[in-house]
Amino acid sequence: MLGFAQIFASRLVKAAVILIAIVVMNFFLVHAAPGDPAMVMAGEAGAADEKFVAQLREQFGLDRPILEQLGTYVGKVVQGDLGFSYRQQRPVWDILAERLPATLVLTLTAFLLALALGVALGTLAAVTVGTWADSAITVVALLAYATPIYWIGLMLSLLFSIQLGWLPAFGYETVGAGYTGLAHVADVGKHLILPVITLALFYMASYARLTRASMLEVRGLDFIKTAKAKGLSQGRIVTRHVLRNAILPVITVAGIQAGQLVGGSILIETVFAWPGIGRLAFEAVLQRDYQVLLGIFLVTSIMVILFNILTDILYGLVDPRIQVSQ
Amino acid sequence: MSLSELTRIPTETAAMTTTPLLDVRGLSIALPPGADRPLAVDNLTFTLNPDEILCVVGESGSGKSMTAHAMMGLLPAPHVRVAGGSLLFKGKDVLTMPEAEQRSLRGGRIAMVFQEPMTALNPLMRVGRQIGESLREHTDLPAPARRARVVELLAQVGLPNPAELAEAYPFRLSGGQRQRVMIAMALACQPDILIADEPTTALDVTTQKQILDLIRSIQAERHMGMMFITHDFGVVAEIAHRVAVMRHGKLVEYGPASDVLNRPQHPYTRQLIASVPHYIEHRDDHTKAGAPLLVADKVRKVFHVGGGLFKASKEVVAGDDLSLTIHPGETVGLVGESGSGKSTLGRSIVGLIKPDSGRILFQGTDLLALDRKGFRPYRRAVQMVFQDPYASLNPRHRVGDIVAQGPVAFGEDRGKALARARELLAMVGLDGSAADRYPHEFSGGQRQRIGIARALAMEPKLLVADEPVSALDVSVQGQVLELLDDIRKRLNLAMLFITHDLRVAAQVCDTIAVMRRGRIVELGTAREVFTNPRDAYTRSLLDAIPGKSWHIPEDLQAKMGSGVAGAH
């Protein structure tokens, strides 16, 4: 399919341009903040004499013209080098690589769970519209949508780990247990349950509401009347005709939200002491660890762009009209 | 059921010609409380025989579609429900059948074709599969046999490359092609009854003719009983064996087509037939006096569609070498099918679209050469009446304000403008209190009157009316056309009347310009164009007018133009 390859190629070119623009903007954003790492380090060292600061600046290249600094930074980023964190005395890439898997496991599990449950509940609500089942789903969705996410997290951990003692309250794995293989996976899985449920509840609620509304709208369209006039069963009408058309807006919203998941899990990671990117970002801001911060910005931007392209491809697969109009 | 059984003509129906296929007895359908009337359909009784086309005629809200929907179990439950009566299919009441049995009838024994081919197909499913679904539900055919049958069906409804077309998505197909697909879908299981709910109303006149021919030949070939719902007496004259006329949910006249068409008894039927525009009734030649009010000279407009980073955009020529003149007091009809570019020219004259080249001279001034500010005085002089009276009035403004807005924007005193608005509303036949009400309180015909009053408030010299009556019922259509004609005479207005309906054009236009694919193919007086068309396309358009061999009964022809009192 030439059309498809063309769309994909054009999207990649656009993505690359956008990414470079993001890198440049991030760079200026961080430099717009008052003070520089040299000042902070000198301040923390307690010996803030001019010469020491100047020496630090020279060492980090902070005395060069800003455009030259930008050039150096962009040049390095293009080569895959995200710089060095003088705070942690490690390359930024290593720090990110260590934290990224934890975040991805958490957010992707939560996202997929939310999507599956949300669409299922929304469909159920739309099919049983006006009955008690619909009302129950609508109320639950509204509550989950309106309640602050960290509060749900705290309450869940209060109930399931402190009161009942069923699940661990925080962390990624049992520290010092030294599990390997399947036992390790099970251990991480156990730690995952509460944060995943907390994060998924909110998204599930929005997908359920969206699916319900969208299905009710599609249900009134002419081609559903055609399907009924063909004598199709209710189940077939719902799955083949209503749901497939109703899912389009859900894909759009889910695509946007999927990109934000990495950055949006900061609260959850803080509540459950989850060693992911979100917490890393929080720490980096407090410590003015600009190199790490820039790295996180870049990674989250790439995620957003990646998920956007994925959404577009998915959209093209579900809706044959898209390829033509593009 | 095997393939050979499916394709043979059912003999049982032929044997049952004495008993009706469908027997509707005292059917009543209740509307939810708070609707404008308690019963959508009130004590309706009629029969449908095998090998017969029964036309159910009525205006919007007459309950004709409700009847069909009740038959197919498509009533919007729980708000609308059958309140009484029975619907007997071969002697068995459909309404009391268990749901499973009803479903096997639907699409199997009784099939339906809908009005809007553009929205009646699932946009995300291949055409072939949508037809195949019917076969899957009602027959035991294995998948390969179903696919073969789908291709066969698509060929039967006259679609080119049926095998390829089965794999296409609906958006690739034109309106006429989609309606053919719908018909193929309805025919898939060899139904005994085919219900067609205004199947050609949304189509162009030449496409309508093709679809009507197709429906008629298929009905005759398979000896189906057919219930054909329409508002158009031309179509009735073309295909009906028997006619049932409905009004406000009640059957007012019922009988053989020749009787109802040529000797209508009920006053409502007579009124409906009298308001049918008939192209024989063209006007006398208009005597052009003085300098032309408007001259369009070689107007050209190209739209660029699509395009992107790796793809050049597609050029669509909406208008090319368009030239015509409009004299004071003259009505020029711009006639053509959808996509012919007639609205593009209309909108260019009003200044809503900027043509790429050519000149539009209004009293000698080239409107296209003017900038925004220079064009402003001419906005007053050229006013437009839009097609959709439901969408063209701001629902949050009072009618008086809507009419007065234009003059106020041109610096008129608000009080004076509102007083003038009341006068105008009275002039278009609306009640004095209309000015204080909101658009949703009015019917379609009344809204179109408001639209006309709004245009007149600017005291224009030229009125551009873009399909002003195509969204209206026939009897209302007749009244609005009369109003336009009356105003034109009184104010000596020039009018550009854009329409797809030749019969309407014949009734109101002095000069006719026929458009096709962005070009004017024929331009002449109404008399010339209708009695002696020179262009082959004009001839095919005239030829496609439904019911042209039928002549409106003479005692009703006199009624035309005398009008029906009261605004609807």
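Residues numbered from 1 in each chain as written. Chains lettered and ligands numbered in written order. Predicted model: local features only at pLDDT ≥ 70, side-chain atom pairs only at ≥ 80, totals over all residues.

1. Re the overall build of chain A
And step 1. For chain A, the count of helices and strands is 14 helices and two strands.
And step 2. Dimensions of chain A, computed from the C-alpha atoms along their principal axes, are close to 85 × 55 × 40 Å.
And step 3. Relative to its 326 residues, chain A shows a buried fraction of 33%.
And step 4. Considering only intrachain contacts with a sequence separation of at least 6, the fraction spanning at least 24 residues in chain A is 71%. (Helix = DSSP H or I, 4+ residues; strand = E, 2+ residues; numbered from the N terminus. Buried ≥ 20, exposed ≤ 12 C-beta atoms within 10 Å, placed from the backbone. Contact = placed C-beta atoms within 7 Å.)

2. Some remarks on the interface of chain B and chain A
And step 1. On the chain A side, the residues contacting the 26 residues of chain B number 21 residues.
And step 2. Mapped onto the side of chain B that touches chain A, the elements with two or more residues apiece are helix H4 (99-105) and helix H5 (127-138) of chain B.
And step 3. In terms of residue count, the dominant contributor to the side of chain B that touches chain A is H5 of chain B (four residues).
And step 4. For the side of chain B that touches chain A, a count of residues per class yields 12 nonpolar, nine polar and five charged. (Nonpolar A, V, L, I, M, F, W, Y, C, P; charged D, E, K, R; others polar.)

3. Quick word on the domain arrangement of chain A
All names here are of chain A.
And step 1. Once the domains are mapped, chain A shows domain 1 (2-92) and domain 2 (100-325).
And step 2. In this structure, domain 1 and domain 2 have C-alpha centres spaced 32 Å apart.
And step 3. Counting residues at the interface gives 21 residues for domain 1, matched by 18 residues for domain 2.
And step 4. Breaking the side of domain 1 that touches domain 2 down by element, the ones donating at least two residues are helix H1 (2-32), helix H2 (37-45) and strand S1 (84-85).
And step 5. Broken down by element, the residue count for the side of domain 1 that touches domain 2 peaks at 12 residues, all from H1.
And step 6. Looking at the side of domain 1 that touches domain 2 residue by residue, the class counts come to 15 nonpolar, four polar and two charged. (Domains from an automatic or database assignment.)

4. Comments concerning the packing of helix H5 (residues 92-127) of chain A against helix H12 (residues 277-286) of chain A
Residue and element names in this part refer to chain A.
And step 1. Taken N-terminus to C-terminus, the directions of H5 and H12 make an angle of 135°; their axes are 8 Å apart at the nearest point. With respect to H12, the axis of H5 lies oblique. Listed contacts from H12 to Ile95, Arg99, Leu100 and Thr103 of H5 are Ile277, Gly278 and Leu280.
And step 2. Counted by class, the contact of H5 with H12 contains four nonpolar, two polar and one charged residues. (Axes fitted to C-alpha atoms, helices over the stretch in contact; angles between N-to-C directions. Parallel < 35°, antiparallel > 145°, perpendicular 65-115°, else oblique.)

5. Comments concerning the environment of glycine 406 of chain B
All names here are of chain B.
And step 1. Looking at the secondary structure, you find glycine 406 in helix H15 (residues 399-409).
And step 2. Spatially, the C-alpha atom of glycine 406 lies 8.5 Å from that of alanine 455, the residues being 49 residues apart in sequence.
And step 3. When neighbours within four sequence positions are excluded, glycine 406 is seen to be in contact with Arg454, Ala457 and Met458.

6. Some words on the sheet that holds strand S17 (residues 462-466) of chain B
All names here are of chain B.
And step 1. Reading across from one edge, S16-S17-S18-S13-S19-S20 is the order of the six strands in this open sheet, with mixed pairing throughout. Strands with a single pairing partner mark the edges of an open sheet, and in this sheet they are strand S16 (382-385) and strand S20 (519-525). Each strand axis lies, on average, 20° off the axis of its neighbour in the sheet, ignoring direction.
And step 2. In the sheet, S16 pairs with S17 via four bridges, with the strands oriented parallel. By the bridge assignment for S17, glutamine 383 is matched with leucine 463.
And step 3. Against the sheet, helix H17 (residues 444-456) contacts S16 and S17, and its axis sits at roughly 175° relative to S16. (Pairing = 2+ DSSP bridges.)

7. Some points on the pairing of strand S4 (residues 81-89) of chain B
Residues and elements named next belong to chain B.
And step 1. Bridge analysis of strand S1 (residues 22-30) against S4 gives seven bridges, and the strand direction is antiparallel. Considered in S4, the bridge of isoleucine 29 is made with valine 82.
And step 2. The pairing of S4 with strand S5 (residues 92-93) spans two bridges and is classified as antiparallel. In the strand pairing of S5, phenylalanine 89 is matched with lysine 92.
And step 3. A loop of two residues connects S4 with S5, the two strands running antiparallel in sequence, and lysine 90 in this loop sits at a positive phi of about 50°.

8. A closer look at the domain arrangement of chain B
A common way to state how big an interface is: give the accessible area lost once the parts meet.
Residue and element names in this part refer to chain B.
And step 1. For chain B, the assigned domains read domain 1 (49-64 + 99-274) and domain 2 (294-557).
And step 2. If you average the C-alpha positions of domain 1 and of domain 2, the two centres end up 33 Å apart.
And step 3. At the junction of the two partners, domain 1 supplies 24 residues and domain 2 supplies 17 residues.
And step 4. Of all the secondary-structure elements, those providing two or more residues to the side of domain 1 that touches domain 2 are helix H9 (205-222), helix H10 (233-239), helix H11 (257-262) and helix H12 (267-274).
And step 5. Looking at the side of domain 1 that touches domain 2, the element that brings in the most residues is H10, giving six residues.
And step 6. Here the side of domain 1 that touches domain 2 is composed, by residue class, of 10 nonpolar, seven polar and seven charged.

9. A closer look at the nonpolar core
A general feature of soluble globular proteins is that nonpolar side chains tend to end up buried together.
And step 1. Counting residues in hydrophobic clusters, the biggest one holds 153 residues, and the most contacted among them are Tyr207 of chain A together with Ala184, Ile195 and Met227 of chain B.
And step 2. Apart from the residues lying within four places of it in its own chain, the contact partners of isoleucine 195 of chain B are Ala68, Met71, Met72, Ile110, Met112 and Met227 of chain B.
And step 3. Among the nonpolar cores identified, the runner-up in size contains 73 residues, and Ile326, Val332, Ala435 and Met515 of chain B belong to it. (Core = buried A, V, L, I, M, F, W, Y, C linked by C-beta atoms within 7 Å.)

10. Focus on the environment of phenylalanine 114 of chain B
And step 1. Its location among the elements puts phenylalanine 114 of chain B in the loop between strand S6 (110-113) and H5.
And step 2. A sequence separation of 86 residues divides phenylalanine 114 of chain B from threonine 200 of chain B, and the C-alpha atoms of the two residues are 9.1 Å apart.
And step 3. Not counting residues up to four positions away in its chain, the partners in contact with phenylalanine 114 of chain B are Asp222, Lys225 and Thr226 of chain A together with Ala120, Met182 and Asp197 of chain B.

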